[in-house]
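# Inside the fold
Residues per chain are reported as follows:
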Amino acid sequence: MLKKALFWFVTVIVLLTVIGPLLWIYITAFKSSGDIFTTELKKLVVFTPTLDNFKRMFTDYPFWFNLGNTAIVSVVSTIFVMLVSLPAAYSFARWNTGGGHLLFITISTRMFPGVVAAIPFFIMFRTFGLLDTHAGIILLYIYFNTSFATFLLYGFFRDVPEELEQAAMVDGYGRMEVFRKVVFPLILPGLAVTTVFCLIWSWNEFFYAFLFTRLTARTVTVLISSFWGSIEVQYGPMAAGAAVAILPTLIAAWFMQRYVIRGLTFGAVKG
Amino acid sequence: MGPDTAVRKPSIWEILTSEKYFKWTLLIPLFALLLVFMLYPLFYCLYYSFCQWGMQGKAIFVGLHNYRELLNDTAFMEALARTFEVLAICIVAELLIGLGLALLWNREFRGQNVVRGLALLPLLVAPLVLSLLWNFMLEYDFGAVNQILTAIGLGKVYWWSPNLALYTICFITIWQWFPFSVFVLIAGLRSLPRDVFEAARVDGASNWYTFRRLTLPMLSPLIMIIVVLRAMWLIRLFDPLYGTTRGGVRTELLDWRVYRTAFVYFDIGYGSSMAIFSLFLTIAVCAVMYRELMKALGVIR
C-alpha cells in the first residue's frame with residue numbers, strides 16, 4: 001500500500017513538472033498583458049480570459065503565412081528524405097553494405113556541428129540566390145534529417161526475417177517485387193514512425209531557419225523567436241503563437257507514444 | 001545490338017536490379033546526397049578555415065594562422081570548457097532520472113498509456129519554444145517560478161545571474177530531454193530475458209545485487225546509445241541559448257561562439273576553423289563510444 005502510494009506520488013510529481021510548463025503556454029496565451037506582468041499571486045491562474053493575443057498574432061503578424069511555410073518545408077523535405085533513406089536503410093540492413101563503415105559515415109553527417117554546414121551553404125546559397133527561399137531551406141532539412149532517418153529505418157529493416165524474402169525469391173519474385181510485396185508492408189509501422197519524426201524535427205528546427213530565412217520563407221519558430229527582442233519582450237503574442245504552432249506536435253506525440261518506444265531503440269532491442 | 005537480336009544486352013534497369021548490384025543501386029540516392037551535402041560543405045569549411053575572409057572580396061590563404069590563433073583564444077577555450085561542463089551535467093542527470101523512472105514505470109499499471117503519453121510531450125516540442133517559455137517562467141519579477149517560491153516562503157532567485165545562468169540552461173535541457181532516456185531504457189528493460197531474473201530470485205539474490213549484476217550490464221548497450229546521441233546533440237546546443245541568455249552572462253557555448261564569429265562578425269575564415277575544430281572534437285568524443293554502439297548493434301564485431 002505504501003509502495004503504491006509512493007509510486008503514484010512520484011508519478012504525479014513528474015507529470016506535473018512535465019505538463020505544468022506546457023500548460024503555462026496556453027494559460028499565458030489567454031491572458032491580457034496586465035495579467036501577464038502582474039506580481040499578484042492569485043492572478044497566476046485566476047484571470048479573465050481574452051483572445052487579444054491571438055487576434056494580434058493573426059492580424060499584426062504573418063502568422064498563418066509563416067506556419068504555412070513551416071508546413072510546406074516539413075512535408076516536402078520529409079518526402080525527399082524518405083525516398084533516399086528507405087532504399088539505403090534496406091541495403092544496409094539486408095546486406096550490411098560497406099561492412100558498417102558506410103552506415104557510420106552516413107550517420108556521422110548528424111555529428112557535424114550545424115555550423116560546419118551552415119558556413120559553406122550560406123555562401124553557396126548567396127551565390128545561387130537560394131537564401132530566404134523554400135527550396136533552400138528544404139535542401140537544408142533534407143541534409144539535416146536523412147542520416148537519422150536512415151539510421152532509424154535501418155533498425156526496423158533489421159527485424160524483417162530474411163527467410164521471408166528467400167521464400168518469396170523461391171516463388172519466383174524479383175528483387176523489386178520482394179521489396180514491394182514482402183518487405184514494404186512489414187516495414188510500414190517503422191516507416192510511419194520515421195516519417196513523423198522527420199516531420200517533427202523539421203517543424204521544430206530553428207538554427208538553419210533562423211540563419212537562412214528572412215521574410216518569404218520564414219518559418220514559424222523564427223517568427224516566435226522574433227518576439228523575444230533585445231528591447232522588449234512580447235510575451236502575449238509569443239505564447240499565442242507557440243500555443244498554435246506546437247499543437248500538431250502535441251497531437252502527434254500523443255498518438256505516437258506507443259510506437260515511439262520502438263523507434264527510440266533503433267532496433268537494438270526487440271520492443 | 002538492337003532489342004530484337006538473339007542475345008539481348010541487359011537493360012540498365014535489369015543490371016541495377018540484378019542480384020549483384022541491387023544493394024549498391026539502393027544506395028545511389030544516398031551517395032548523391034552525401035556528395036552534395038557532406039563532402040561539399042566539409043571541403044569548403046576546411047578550405048575557408050585556412051583563409052582570412054570577411055565575405056567581401058577574395059579569400060586570402062593564410063595557412064595555419066587561424067588555428068594558431070584559436071589555441072590562444074581564451075573566449076573560445078572558455079566556451080569549449082563550458083560545453084564539456086554542460087555535456088557532463090546533462091548526460092549524468094538525464095541518465096539517472098531516466099533510469100529511475102524507467103524502473104518505476106516498467107510495469108503494468110492503470111493509466112500507463114496516459115502517463116507515458118504525457119511524459120513524452122517535452123521531447124517533441126520545439127526546443128526554441130520551450131526555452132522561451134522557461135525564460136518567461138524564470139523571469140525575476142513576475143515569472144511564475146519566483147512567484148511560487150515567494151508564496152511558499154522561499155526567496156526569489158535571479159535565475160539568469162552570471163553564476164547561475166549556465167546551470168539554468170542545463171536544467172531546461174534536462175527537463176526537455178529526460179523522457180528520451182526514460183523511453184529508451186523502458187524499451188531496454190522490456191527486452192530483458194525473464195528466466196535469468198527468475199533464476200536469480202530462486203538463488204536468493206537481493207534486489208540491489210540483481211540490479212547491479214544483471215539489469216545494468218544488460219542495459220549497457222542502450223545506455224551507450226543514450227550517451228552517444230546526447231553527446232552529439234549537446235555539443236551543438238544552440239536553441240536554449242538563443243531563447244534565453246543569447247550567450248551572455250557567461251553562458252557562451254561552442255556553436256554559439258562559431259555562429260557569432262561567422263554570422264555576426266562575418267569572420268568566415270576564423271569561424272570556419274572553429275567549426276572544423278568543433279567537428280573533430282565531436283568525432284573524437286563520439287568515435288570511441290560509436291564503436292561500442294556499433295558492436296552493441298551487432299554491425300561490427
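Residues numbered from 1 in each chain as written. Chains lettered and ligands numbered in written order. Predicted model: local features only at pLDDT ≥ 70, side-chain atom pairs only at ≥ 80, totals over all residues. Heavy atoms only, no water.

## What to know about empty space enclosed by the protein
To keep it simple, the criterion reads: Whether a set of points on the 1 Å grid over the protein atoms alone is a cavity depends on a 1.4 Å probe fitting there but being unable to get out, while an open set qualifies as a pocket with protein on both sides within 12 Å along at least five of seven lines; lining residues are those with an atom within 4 Å of a point. Grid points are joined across faces, edges and corners, and a volume is the space filled by probe spheres set on the points. Under the scheme used here, helices are H or I runs from DSSP no shorter than 4 residues and strands are E runs no shorter than 2 residues, and both carry numbers assigned from the N terminus. Residues are sorted three ways: Asp, Glu, Lys and Arg are charged, Ala, Val, Leu, Ile, Met, Phe, Trp, Tyr, Cys and Pro are nonpolar, and all the rest, Gly among them, are polar.
The full count for this structure, using the stated rule, is 7 cavities of 30 Å³ or more. As a volume, the largest cavity reaches approximately 560 Å³. Among the secondary structure elements, those contributing two or more residues to the lining of the largest cavity are helix H9 (175-204) and helix H10 (207-212) of chain A together with helix H6 (112-124), helix H9 (165-191), helix H11 (207-235) and helix H12 (239-243) of chain B. Take the lining of the largest cavity: its biggest share by element is 4 residues, from H9 of chain B. Tallied by class, the residues present in the lining of the largest cavity amount to 16 nonpolar, 4 polar and 6 charged.

## Quick word on a nonpolar patch on the surface
The condition that has to hold: In this scheme, patches are assembled from residues that exceed 30% relative accessible area and form no salt bridge. Like charges are connected within 9 Å, while nonpolar side chains (Val, Leu, Ile, Met, Phe, Trp, Tyr) are connected within 5 Å. Exposure was quantified through the Shrake-Rupley algorithm and a 1.4 Å probe, taking into account, for residues, occlusion by the shown protein chains and nothing else. Here a salt bridge means any side-chain nitrogen of Lys or Arg lying within 4 Å of a carboxyl oxygen belonging to Asp or Glu.
Judged by side-chain polarity, Leu-247, Ile-251, Trp-254 and Phe-255 of chain A together with Val-114 of chain B come together as a nonpolar surface patch covering roughly 490 Å² of accessible area. Mapped onto the elements of the fold, Trp-254 of chain A is located in helix H13 (residues 247-264).

## What about helix H13 (residues 254-264) of chain B?
For clarity, the cut-off: When accessible area is computed with a 1.4 Å probe and restricted to protein chains, residues below 20% of their type maximum are described as buried, those above 50% as exposed, and intermediate ones as partly exposed.
By the criterion of burial, H13 of chain B is predominantly enclosed, with 9 of the 11 residues buried. Residue Phe-266 of chain B follows H13 of chain B closely and has a positive phi angle near 55°.

## Quick word on the packing of helix H4 (residues 63-95) of chain A against H9 of chain A
All names here are of chain A. For clarity, the threshold we go by: Axis geometry follows a simple rule: fit a line to the C-alpha atoms, using only the stretch in contact for helices, then measure angles between N-to-C directions, giving values from 0 to 180 degrees. Just so you know how the angles are binned, under 35 degrees is roughly parallel, over 145 roughly antiparallel, 65 to 115 roughly perpendicular, and the rest oblique. Two helices crossing with the near one rotated counterclockwise from the far one by less than a right angle form a left-handed crossing, whereas a clockwise rotation gives a right-handed crossing.
Contact geometry for H4 and H9: axes closest at 8 Å, N-to-C directions at 140°. If you check the angle between H4 and H9, you find them oblique. H4 and H9 meet at a crossing whose hand is right-handed.

## Thoughts on the interface of chain A and chain B
Applied cut-off: We call two residues in contact when some of their heavy atoms are within 4.5 Å. Whenever a nitrogen or oxygen atom comes within 3.5 Å of another N or O atom, the pair is scored as a polar contact, on the condition that within protein one atom can donate a hydrogen and the other can accept it, and that pairs from neighbouring residues in sequence are kept only if both atoms are in side chains.
Across the boundary between the two partners, chain A contributes 99 residues, which contact 99 residues of chain B. Counting across the interface, chain A meets chain B through 0 salt bridges. Applying the counting criterion to the chain A and chain B interface returns 8 residue pairs in polar contact (both at pLDDT 80 or more). If you tally residues by element for the side of chain A that touches chain B, the top one is helix H1 (residues 2-29) of chain A, at 14 residues. A per-class count over the side of chain A that touches chain B returns 69 nonpolar, 24 polar and 6 charged.

## Details of the layout of surface pockets
Space inside the largest pocket adds up to approximately 1,000 Å³. In this structure, the largest pocket is lined by 23 residues; those nearest its centre are Leu-103, Asn-106, Arg-107, Phe-197 and Arg-201 of chain B. At the level of elements, H1 of chain A together with helix H5 (74-105), H9, helix H10 (194-202) and H11 of chain B are the ones that each hand at least two residues to the lining of the largest pocket. Across the lining of the largest pocket, the residue classes break down as 12 nonpolar, 4 polar and 7 charged. Along the walls of the second largest pocket sit 15 residues, with Pro-21 of chain A together with Met-137, Ala-144, Val-145 and Ile-148 of chain B positioned nearest its centre. Listed by contribution, the elements that provide at least two residues to the lining of the second largest pocket are H1 of chain A together with helix H7 (127-137) and helix H8 (144-151) of chain B.

## Concerning the side chain of Gln-234 of chain A
Residues and elements named next belong to chain A. Its place among the elements puts Gln-234 in the loop between helix H11 (220-225) and helix H12 (235-245). For Gln-234, a relative accessible area of 18% translates into the label buried. Those residues within four positions of Gln-234 in sequence are excluded, and the remaining contacts are Arg-56, Tyr-61 and Phe-227.

## Re the packing of helix H7 (residues 134-157) of chain A against helix H3 (residues 28-48) of chain B
Contact geometry for H7 of chain A and H3 of chain B: axes closest at 11 Å, N-to-C directions at 130°. In this view, H7 of chain A runs oblique relative to H3 of chain B, as classed from their interaxial angle. In the packing of H7 of chain A onto H3 of chain B, the handedness of the crossing is left-handed. Of the residues in H3 of chain B, those in contact with Leu-139, Ile-142, Tyr-143, Thr-146 and Thr-150 of chain A of H7 of chain A are Leu-30, Leu-33 and Phe-37 of chain B. For the contact of H7 of chain A with H3 of chain B, the class distribution of residues is 6 nonpolar, 2 polar and no charged.

## What to know about the packing of aromatic side chains
Residues and elements named next belong to chain B. Stated formally: Here the aromatic set is Phe, Tyr and Trp, taking the six-membered ring for Trp, and pairing holds for ring centres within 6.5 Å; pairs whose planes are under 30 degrees apart are stacked, those over 60 apart are edge-to-face, and all others are tilted.
This model, assessed by the stated rule, comprises 63 aromatic pairs over all chains. On the basis of an interplanar angle of 75° and a centroid distance of 5.5 Å, the ring pair of Phe-76 and Phe-277 is categorised as edge-to-face. Here the residue Phe-76 occupies a position in helix H5, and Phe-277 occupies one in helix H14 (residues 268-297), the gap between them amounting to 201 residues. For Phe-76, a relative accessible area of 0% puts it in the buried group.

## Thoughts on the nonpolar core
The cut-off we apply is this: The criterion is simple. A nonpolar core is a set of buried Ala, Val, Leu, Ile, Met, Phe, Trp, Tyr and Cys residues joined through side-chain atoms within 4.5 Å.
In terms of nonpolar packing, the biggest core is built from 190 residues, with Ile-119, Phe-157, Tyr-208 and Phe-212 of chain A together with Trp-105 of chain B touching the most fellow members. Among the elements that make up this core, the one with the highest residue count is H9 of chain B (16 residues). Beyond its immediate chain neighbours, meaning those up to four positions away, Phe-157 of chain A contacts Leu-86, Ala-89, Tyr-90, Ala-93, Phe-179, Val-183 and Ile-187 of chain A.

## Points about the confidence of the model for chain A
Condition: Each residue carries a pLDDT value, the predictor's own confidence for that position, ranging from 0 to 100.
Mean pLDDT over chain A stands at 85; residues scoring 70 or higher make up 94%. Predicted confidence for residues 267-271 of chain A stays below pLDDT 50, and this span has 12 contacts to residues more than four positions away or in other chains.

## Section: unusual backbone geometry
All names here are of chain B. Phi at Arg-246 is positive, roughly 55°, even though this residue is not glycine. Examined against the element boundaries, Arg-246 turns out to sit in the loop between H12 and H13. Although it is not a glycine, Arg-250 sits at a positive phi angle of roughly 55°. Within the secondary structure layout, Arg-250 lies in the loop between H12 and H13.

## Focus on the confidence of the model for chain B
Regions with low pLDDT should not have their predicted coordinates read in detail. Residue and element names in this part refer to chain B. Taken over all residues, the pLDDT of chain B has a mean of 85, while the share at 70 or more is 93%. Between the elements of chain B, mean pLDDT differs from a low of 79, seen in H14, to a high of 93, seen in H5. For this predicted complex, the interface confidence comes out at an ipTM of 0.87, alongside a pTM of 0.87.

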